[in-house]
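# Summary of structural features
Spelled out from the first residue to the last, the chains are:
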Amino acid sequence: MLFNSFEFLVFLPIVFLLYWFAFKKLRAQNLFVVVASYLFYGWWDWRFLILIAFTTLCSYASGILLERQEGHRHIQRLISIANIVLNLQHLFQWFGFELDWVTLDILLPVGISFYTFQALSYTIDIYRHKMKPTHDIVAFFAFISFFPQLVAGPIERATNLLPQ
């Protein structure tokens, strides 16, 4: 679904009205944002939903693992590196690319979506002690998949968006 399509012209007011008037509790609103965002993102191809869910789960789990390994900086570093490599490797393999130096040099700057960078920034912020990991998986899924900035940016920091 494109922002300038007829589908989006119908989609946005429905989502807006349901969000503000049908769902009163924050958790229900966040769950609705996840569903609406996945509908928006999956409109092009439902297989993209597997990739965003995988990225989200990896980053959520890495945040929890980083918290559990507090005081073990070497293990935290390995967790962070593993999350970064896993997300990037999965992204490239999904699109049929094998990782090598040529692929990394050419495709890395243009081939990674906003939500991948956003998910990775979350892990890096936790590793650097700029924030504590969230234990609310629904809020985290809403943070990563938030449709108004999902495909066009900007890359939003978890410290700004997760509390909202």
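Read on for an overview of the structure. The structure presented is a predicted model; accordingly, all values stated were derived computationally and were not measured.

Volume-wise, the largest pocket comes out at about 430 Å³. Around the largest pocket, the lining is made up of 20 residues, and of these Tyr19, Asn30, Val33, Phe146 and Gln164 lie nearest the centre. Elements supplying a minimum of two residues to the lining of the largest pocket: helix H1 (6–22), helix H2 (26–42), helix H7 (137–145) and helix H8 (147–150). With 5 residues, the top contributor of residues to the lining of the largest pocket is H1. Here the residues of the lining of the largest pocket are counted per class, giving 17 nonpolar, 2 polar and 1 charged.

The contact between helix H3 (residues 47–68) and H7 brings their axes to 10 Å, and the two run at 125°. When the axis of H3 is compared with that of H7, the two are oblique. Judged by the sense of rotation from one axis to the other, the crossing of H3 with H7 is right-handed. The residues of H7 that touch H3, namely those facing Ile52, Ala53, Thr56, Leu57, Ser59 and Tyr60, are Ile137, Phe140, Phe141, Ile144 and Ser145. Considering only residue class, the contact of H3 with H7 consists of 8 nonpolar, 3 polar and no charged.

This part is about the packing of aromatic side chains. Counted under the stated rule, the structure contains 14 aromatic pairs. Each residue in the set Phe8, Phe11, Phe40, Phe146 and Phe147 is aromatic and connected to the rest through ring pairs, giving one cluster. Here the guanidinium or amino end of Arg73 rests over the ring plane of Tyr127, the centre of that ring lying 3.9 Å away.

Between its first and last C-alpha, H1 extends 24 Å over 17 residues, near the 24 Å set by a 1.5 Å rise per residue. Listing the buried residues of H1 in full gives Phe8, Phe11, Val15 and Tyr19. Along the long axis of H1, the arc covered by the buried residues comes to 60°, so they all point the same way. Set apart from the buried face of H1 by more than 90 degrees, the exposed residues are Phe6, Leu9 and Phe21.

Calculation rules
- Residues numbered from 1 in each chain as written.
- Predicted model: local features only at pLDDT ≥ 70, side-chain atom pairs only at ≥ 80, totals over all residues.
- Heavy atoms only, no water.
- 1 Å grid on protein atoms, 1.4 Å probe; cavity = no way out; pocket = protein on both sides within 12 Å on 5 of 7 lines; lining within 4 Å.
- Points joined across faces, edges and corners; volume = space filled by probe spheres on them.
- Helix = DSSP H or I, 4+ residues; strand = E, 2+ residues; numbered from the N terminus.
- Nonpolar A, V, L, I, M, F, W, Y, C, P; charged D, E, K, R; others polar.
- Axes fitted to C-alpha atoms, helices over the stretch in contact; angles between N-to-C directions.
- Parallel < 35°, antiparallel > 145°, perpendicular 65-115°, else oblique.
- Left-handed = near helix turned anticlockwise from the far one by under 90°.
- Contact = heavy atoms within 4.5 Å.
- Phe/Tyr/Trp six-rings, centres within 6.5 Å; stacked < 30°, edge-to-face > 60°.
- Lys NZ or Arg CZ within 6 Å of the ring centre and 35° of its normal.
- Expected span 1.5 Å × (residues − 1).
- Buried < 20%, exposed > 50% of the residue type's maximum accessible area, 1.4 Å probe, protein only.
- Arc of directions from axis to C-beta.

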